Amino acid sequence: QVQVAESGGGLVQAGESLRLSCAASGHTFRNYTMGWTRAVPGKERKFVAAISWNGGSTYYADAVQGRFTISRDFAKNTQYLQMNSLKPEDTAVYYCVADPHDPVVVISTDLWDYWGQGTQVTVSS
């Protein structure tokens, strides 16, 4: 079982950067696909990024491709989301997610097994 907890959200201006962190507990961390989704009140939750169990493959939503970078540190049991060139439309609650299935499968189903509490990211124009 994996427990995850996000940190690093905040208020920034358009064009600035933020890095989100997600600390995972449980010695099976390295076996899990890790990812980020985001949600805006009144709108459908959307996939943002994912990284495979070994860190060898990464996946991004079109809206963040080229601006966001997902990574993971096995020694620290932590994954990161580096967000550059932030836009007001990136404003959302960002959730750290984890799942034992292949990233292609879990991204298509959006059925992540484990979720964090979420961290607010607000980008002002």
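The residue count restarts for each chain, going from 1 along the sequence in the order it is written. Reporting of local features is limited, given that this is a predicted model, to residues whose pLDDT is at least 70; pairs of side-chain atoms are given and counted only at 80 or more, and all residues count toward the totals for whole chains, interfaces and linings. Values reported for side chains reflect all heavy atoms of the structure, with hydrogen atoms and water molecules removed beforehand.

K.L.:
Any chance you could break down the nonpolar core for me, citing the residues and the numbers?
P.N.:
If you look at the biggest cluster of nonpolar residues, it comprises 34 residues, and the most contacted ones within it are Met-34, Trp-36, Leu-81, Met-83 and Tyr-94. In DSSP terms, a helix is any run of H or I states spanning at least four residues, a strand is any run of E spanning at least two, and both are numbered starting from the N terminus. If you list the elements that add at least two residues to this core, you get β3 (18-25), β4 (33-39), β5 (46-51), β7 (68-73), β8 (78-83), β9 (92-99) and β11 (119-124). Sequence-distant contacts of Leu-81, defined by excluding residues within four places in its chain, comprise Leu-18, Arg-19, Leu-20, Trp-36, Val-48, Ala-49, Phe-68, Thr-69, Ile-70 and Tyr-94. Residues enter a nonpolar core if they are buried and are Ala, Val, Leu, Ile, Met, Phe, Trp, Tyr or Cys, with the set joined through side-chain atoms within 4.5 Å. Three labels apply to residues, based on accessible area from a 1.4 Å probe with only protein chains included: buried if under 20% of the type maximum, exposed if over 50%, partly exposed otherwise in between. Any pair of residues with heavy atoms lying within 4.5 Å of one another is described as a contacting pair.

K.L.:
I'd like a description of unusual backbone geometry, backed by residues and values.
P.N.:
For Asn-77, which is not glycine, the phi torsion reads 50° and is therefore positive. Among the structural elements, Asn-77 can be located in the loop between β7 and β8. For Asp-110, which is not a glycine, the phi torsion comes out positive at approximately 55°. Here Asp-110 shows up in the loop between α1 (103-109) and β10 (114-115).

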